[in-house]
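# Structural description and commentary
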Amino acid sequence: MKPISSTILSGFARVFGNATASCTRLRALALLAVIAALAAPDTRLMGVAFAASDAASANAAPAAAATGASASDTRPDIVKRGEYLARAGDCIACHTAPRGKMFGGGLAMETPFGTLYSPNISPDAQYGIGAWSPDAFFHMMRTGITPDGKLLYPAMPIAQYTKVTREDSDAIFAYLQSVPPVREASRPHTLKFPFNQRKLLLGWRTLYFREGEYKPDPTRSVEWNRGAYLVEGLGHCTLCHTKINLLGGSSQRDQFAGGLIPVQNWYAPSLTSDKDGGLGDWSVKDIVDLLQAGISDRGAVYGPMAEVTYHSLQYMSDDDIKAMAAYLKTLPDNDRGRKSGPSARTNTKVFELGNRIYLDKCALCHGQNGEGHVQHYPPLASNQSIEMNSAVNPIRIVLNGGFPPGTQRNPEPYGMPPFGQELSDTDAAAVVTYIRTAWGNHGAPVTEREVNELRKAPLH
Amino acid sequence: MRINAFSLTRLGVQRRTIGSSLLLVICAAWACATLAATDAAAPMPLAMDERVRACTSCHGAQGQGRDNDYFPRIAGKPADYLFNQLIAFRDGGRTYPPMGYLIAFLPDDYLHKISQYFADQQPPYPNSDTGNVPPAVLAYGERLVTHGDPARKLPACAACHGARLTGAQPGIPGLLGLHASYIAGQMGTWRSGTRHAVAPDCMHAIAVKLTDKDITAVSSWLARQPRPDDPRPAASSAGPLPLACGSQPQ
């Protein structure tokens, strides 16, 4: 069966997983996604689901039996490679709590149906995964099932990690076994009934989880396939860059189509529409700079993407980042070309007010005409982040400011001040409206109400 | 009509910006020429003041703080103290979401540099608080600051923060130049355990012994002290601290 949509999984996982990354709270969409996931299977599918349940349990037993049966690889080059791959997978973002010990887990993910805690994946035999075998670890990566037969909640990006090769899984395991063990028990989830019934995940898995390693496309280059493997697998980019509907679902076409990240309230740009953030007119260098350094001629990473660059992408090799960029460049532009035509009409008074505020507070860095000063001060004219359909990101950046992440290539980033404390909703709406409609930009005006709503968005 | 007005406005804007741009280009050219004339090989300035605009927009251009209780003076405090605070905001020892958000993805090395930058600033102190506080309260505050309360095993503020109350390198901050309500607020967060310092957290140990009356008296008296003649922190603690502090290893 073709997945009804593996992206529904992504959507669901995004609701979970991305909140994981930034340790923020989850709300209604997550709940809807669960309901959708649980309610969708018809009885025939449920039959399949429970058959799968039995198979899963049957499979789990040998995996559990194998636990501890073979030792992890300790060769330094393999461990080093595993560290690199663990960074590509950004394991640390979720499996290390703030002020917590590395890979000791304990990051809280609050949801409307209770709290999930990331588990300890350090090599402690009692509390971590020290007693696991490479087989058991690989089985978990491929199937989303732990050695004791538990189904993982999709806060773990299992739909993406299933694409990881055995060799890479073994290397990651070798690395995880090499770090200091953490003698702290994983905190049990505190989910309410019925969400604490892991068997319910079976229906969801039947619909949205497709097990299997990444299959290279023989018509594409080695570089492209490497990029696709990293983006679709360990990088788990579709966790955020996927459009989900109100039920947490989406169609295959919406893979990489971007969307608002629930609860966190940042907009993940589309990668399949140049009108809404797509990379069609980006050079490979621009993409590489953005992902790896955190800044580029086109703009900087911010919000949740800053975290991804900080913990993960800055450590990727030039070749791998170029491969990812090469793959991303080939994603289709489903709504061809950038936005064009005249700028949206705005209220004259609002535009003038925005212009005054811009000249007073923004032009110093971003230039009189929004030309910026690359790469530290992003251009605002013809910047897709500014022109996107959603005004969430420009509003939040004006309110909250932000530093690009400090990276190996840009260790001392220039920060943008927050203006939320000195601009009223009216002023902030005016200046964002100005930025989105001046200099030929094609964004739509924003309202005071939108600004006010985003003052409540979670920050840290 | 409205469209016409709008168009005219836009044209006006356009004219102004073109004019300004020209001016900017001329200025830039002049600046380059000047720079070239003085020192052709001059490296790019470190431009820390540029990099930390996100800090100074609230804490003041030199970190002198704002005339409110949210954005305290950070200038001239010991660099390690400032670094400890940044780490705490970043990693959860102190909770103020706008701060934590801003520096969430800045590495330690850069936070050290930012701390040193503000530690090196010595802008003028603000005027002292002049609000009406009963003399008895001030007298009590002064006694606690300078002598503590031995009966309750409360050390004097001055025992750690220095006789001049300007702090001590490397990790003890000065207490002057802050608003009374800011100081009181921090005492409250230490007392309730929402602000943490490096263990052992001596300020928490002290704050849990403080009554509201103590906090009001101490913060009122501190905020009324005149600008110190020498605002720099002492080079080191004058003697052994009355209790162990993780921020000031001895």
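Everything numeric here is computed off the predicted structure, so don't read it as measured data.

### What about the overall build of chain B?
When helices and strands are tallied, chain B shows 11 helices and zero strands. Along chain B, from the amino end to the carboxyl end, the secondary structure elements read α-α-α-α-α-α-α-α-α-α-α. The burial tally for chain B puts 36% of its 250 residues in the buried class.

### Some thoughts on the overall build of chain A
A count of helical and extended segments in chain A gives 18 helices and five strands. Out of the 460 residues belonging to chain A, those deemed buried represent 56%. Considering only contacts within chain A whose residues lie at least 6 apart along the sequence, 71% involve residues at least 24 apart.

### A short note on the nonpolar core
Of all hydrophobic cores here, the largest spans 137 residues; its most connected members are Met324, Leu328, Ile395, Val431 and Val432 of chain A together with Ile103 of chain B. Two domains each provide a minimum of three residues to this core, namely domain 1 (6–232) and domain 2 (348–454) of chain A. The contact partners of Val431 of chain A, leaving out residues within four places of it in the chain, are Gly354, Ile357, Tyr358, Cys362, Val398 and Leu423 of chain A. Counting residues in each nonpolar core, the second largest holds 24 residues, with Leu144, Met187, Ile206 and Ala207 of chain B among its members.

### A few points about the interface of chain A and chain B
At the junction of the two partners, chain A supplies 28 residues and chain B supplies 31 residues. Sorting the residues of the side of chain A that touches chain B by element identifies helix H12 (304–311) and helix H14 (348–366) of chain A as the ones contributing at least two each. Looking at the side of chain A that touches chain B, its residues break down into 12 nonpolar, 11 polar and five charged.

### Thoughts on helix H11 (residues 284–293) of chain A
Residue and element names in this part refer to chain A. Of all 10 residues that make up H11, seven are buried, and the element is covered over most of its length. Taken residue by residue, H11 has Ile287, Val288, Asp289, Leu290, Leu291, Gln292 and Ala293 as its buried positions. On its buried side, H11 packs onto H12 and helix H13 (318–329). Once H11 ends, the next one or two residues include Gly294, with phi positive near 90°.

### A closer look at the packing of helix H9 (residues 180–192) of chain B against helix H11 (residues 212–223) of chain B
Residue and element names in this part refer to chain B. Axis separation between H9 and H11 bottoms out at 8 Å; the angle between their running directions is 140°. Viewed along their axes, H9 and H11 form a crossing whose handedness is right-handed. Along the contact surface, H9 presents Ala180, Ile183, Ala184 and Met187, while H11 presents Ile215, Thr216, Ser219, Ser220, Leu222 and Ala223.

### Overview of the environment of Gly235 of chain A
Residues and elements named next belong to chain A. Structurally, Gly235 can be placed in the loop between helix H10 (222–232) and strand S4 (259–261). Residue classification places Gly235 among the buried positions, given that 24 C-beta atoms sit within 10 Å. Along the chain, Gly235 and Ala381 lie 146 residues apart, while their C-alpha atoms are 30 Å from each other. Each residue touching Gly235, except ones within four places of it in the same chain, is listed here: Ala88, Leu230 and Met324.

### Focus on the packing of helix H16 (residues 392–400) of chain A against helix H17 (residues 425–437) of chain A
Residue and element names in this part refer to chain A. Where H16 contacts H17, the two axes come as close as 10 Å, and the packing angle between them is 130°. Between H16 and H17, the interaxial angle falls into the category oblique. The chirality of how H16 crosses H17 is right-handed. Of H17, the residues touching H16 (which contributes Pro394, Ile395, Val398 and Leu399) are Ala428, Val431, Val432, Ile435 and Arg436.

### Overview of H14 of chain A
Residue and element names in this part refer to chain A. Helix length check: H14 (19 residues) gives 22 Å between terminal C-alpha atoms against 27 Å at 1.5 Å per residue, more than 12% under. Along H14, the helix axis deviates most sharply at Leu359, where the bend reaches about 50°. Looking only at H14, the buried set comprises Val350, Phe351, Gly354, Asn355, Ile357, Tyr358, Cys362 and His366. Downstream of H14 by a residue or two, Gly367 has a phi angle that is positive, lying close to 85°.

### Concerning unusual backbone geometry
Residues Val374 of chain A and Gln375 of chain A are joined by a peptide bond in cis, for which omega reads 0°. Here Gln375 of chain A lies in the loop between H14 and helix H15 (384–387). Cis rather than trans, the peptide bond between Ala199 of chain B and Pro200 of chain B has omega equal to -5°. Checked against the element boundaries, Pro200 of chain B lands in the loop between H9 and helix H10 (202–207). The phi torsion at Phe256 of chain A lies on the positive side, around 70°, for a residue other than glycine. Secondary-structure assignment places Phe256 of chain A in the loop between H10 and S4.

### Quick notes on the confidence of the model for chain A
Looking at chain A, pLDDT values average 84 and 82% of them are 70 or higher. Residue range residues 1–68 of chain A is modelled with pLDDT below 50. Its contacts to residues more than four positions away, or to other chains, number 172 contacts.

### Concerning the environment of Val263 of chain A
All names here are of chain A. Tracing the sequence through the fold places Val263 in the loop between S4 and strand S5 (266–268). The exposure class of Val263 is buried, given the 22 C-beta atoms found within 10 Å. Residues Val263 and Pro119, 144 residues apart in the sequence, show an inter-C-alpha distance of 23 Å.

### A few points about the confidence of the model for chain B
All names here are of chain B. For chain B, the mean per-residue pLDDT works out to 83, and 82% of the residues sit at or above 70. Element-level mean pLDDT values for chain B span from 37 in helix H1 (residues 2–38) up to 98 in helix H7 (residues 135–147). Counted against residues more than four places away or in other chains, residues 1–45, with its pLDDT under 50, gives 14 contacts. Scoring the predicted complex yields pTM 0.83 and, for the interface, ipTM 0.85.

### Thoughts on the environment of His373 of chain A
Residues and elements named next belong to chain A. Inspection of the secondary structure assignment puts His373 in the loop between H14 and H15. Residue His373 is classed as partly exposed on the basis of its C-beta count, with 13 C-beta atoms lying within 10 Å. In this structure, the C-alpha to C-alpha distance between His373 and Asp297, residues 76 residues apart in sequence, is 8.7 Å. Beyond its immediate sequence surroundings of up to four residues, His373 is in contact with Cys365 and Gly367.

Rules of the game
- Residues numbered from 1 in each chain as written.
- Chains lettered and ligands numbered in written order.
- Predicted model: local features only at pLDDT ≥ 70, side-chain atom pairs only at ≥ 80, totals over all residues.
- Helix = DSSP H or I, 4+ residues; strand = E, 2+ residues; numbered from the N terminus.
- Buried ≥ 20, exposed ≤ 12 C-beta atoms within 10 Å, placed from the backbone.
- Contact = placed C-beta atoms within 7 Å.
- Core = buried A, V, L, I, M, F, W, Y, C linked by C-beta atoms within 7 Å.
- Domains from an automatic or database assignment.
- Nonpolar A, V, L, I, M, F, W, Y, C, P; charged D, E, K, R; others polar.
- Axes fitted to C-alpha atoms, helices over the stretch in contact; angles between N-to-C directions.
- Left-handed = near helix turned anticlockwise from the far one by under 90°.
- Parallel < 35°, antiparallel > 145°, perpendicular 65-115°, else oblique.
- Expected span 1.5 Å × (residues − 1).
- Bend = angle between axes of the 7 residues up to and from the residue.
- pLDDT = per-residue confidence, 0-100.

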